[in-house]
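The lines below spell out each chain.
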Amino acid sequence: MSRKQSPAITDFPHHWHTATRWDDNDIYGHLNNVVHYRLFDTAVNSFLLEQGLLDFREGKSVYLVVETGCSYFAELAYPDKLVVGLRVARLGTSSVTYETGLFRDGEDRAAAAGQFVHVLVDKASRKPVPIDSAGRAAFERLMM
């Protein structure tokens, strides 16, 4: 089986900056795999909040995660500064498939690459609802 190549930072139109924390390292001395997923989730939700597409307290709809995945290419560890790259690979009627890259700040190739699928649902019924025109426009800006 051939290993896929790590994506480049230029592959992502949106960048979210953060830093590792002391307790992100595991007993092996690098970022624990669950931290990667937490960072991807936070980057995606930060984008939704910045764009006015998510009001998890008062809104009538929310985005639920239905699928995630991650490939690891290099170790990260505290006290690394990080950049999460974000792009939209697919935009459906009620779903968005994101691709993410986790980069050590200043590096061109991702240490990890993820994929993340959200479905927009009615908060009460949990049934899928269509993404409105403002949401579609924001997501389309992340498509490459």
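An account of the accompanying structure is given in this report. (Residues numbered from 1 in each chain as written. Predicted model: local features only at pLDDT ≥ 70, side-chain atom pairs only at ≥ 80, totals over all residues. Heavy atoms only, no water.)

Things to note about the side chain of D24
With respect to the element layout, D24 can be found in the loop between β1 (14–19) and α1 (33–50). Accessibility expressed as a relative area gives 4% for D24, which makes it buried. The contacts of D24, once residues within four sequence positions are left out, are H30, L31, N32, V35 and R38. (Helix = DSSP H or I, 4+ residues; strand = E, 2+ residues; numbered from the N terminus. Buried < 20%, exposed > 50% of the residue type's maximum accessible area, 1.4 Å probe, protein only. Contact = heavy atoms within 4.5 Å.)

A word on unusual backbone geometry
A cis amide bond links Y78 to the next residue, P79, at an omega of 10 degrees. Structurally, P79 is set in the loop between β2 (61–72) and β3 (81–91). Of note, R126 is a non-glycine position whose phi angle comes to about 65 degrees, a positive value. Tracing the sequence through the fold places R126 in the loop between β5 (112–122) and α2 (133–140). Its relative accessible area of 45% is what places R126 among the partly exposed residues.

A word on the environment of Y28
Summarising the element assignment, Y28 is placed in the loop between β1 and α1. As for Y28 and A77, which are separated by 49 residues in sequence, their C-alpha atoms are 10.0 Å apart.

Quick look at the packing of aromatic side chains
Under the definition given, this model contains six aromatic pairs. By way of ring pairs, the aromatic residues F47, Y63, Y98, F116 and F139 are connected into one cluster. A cation sits over an aromatic face here: R87 above F12, 4.6 Å from the ring centre. (Phe/Tyr/Trp six-rings, centres within 6.5 Å; stacked < 30°, edge-to-face > 60°. Lys NZ or Arg CZ within 6 Å of the ring centre and 35° of its normal.)

Things to note about α1
End to end, α1 covers 26 Å across 18 residues, agreeing with the expected 26 Å (1.5 Å per residue, within 8%). Among all positions in α1, only V35, H36, L39, F40, A43, V44, S46, F47 and L48 are buried. Residues of α1 that are buried sit in contact with β1, β2, β3, β4 (95–104), β5 and α2. In the segment just after α1, G52 is the residue with positive phi, at about 70 degrees. (Expected span 1.5 Å × (residues − 1).)

Purely geometric numbers; function is a separate question.
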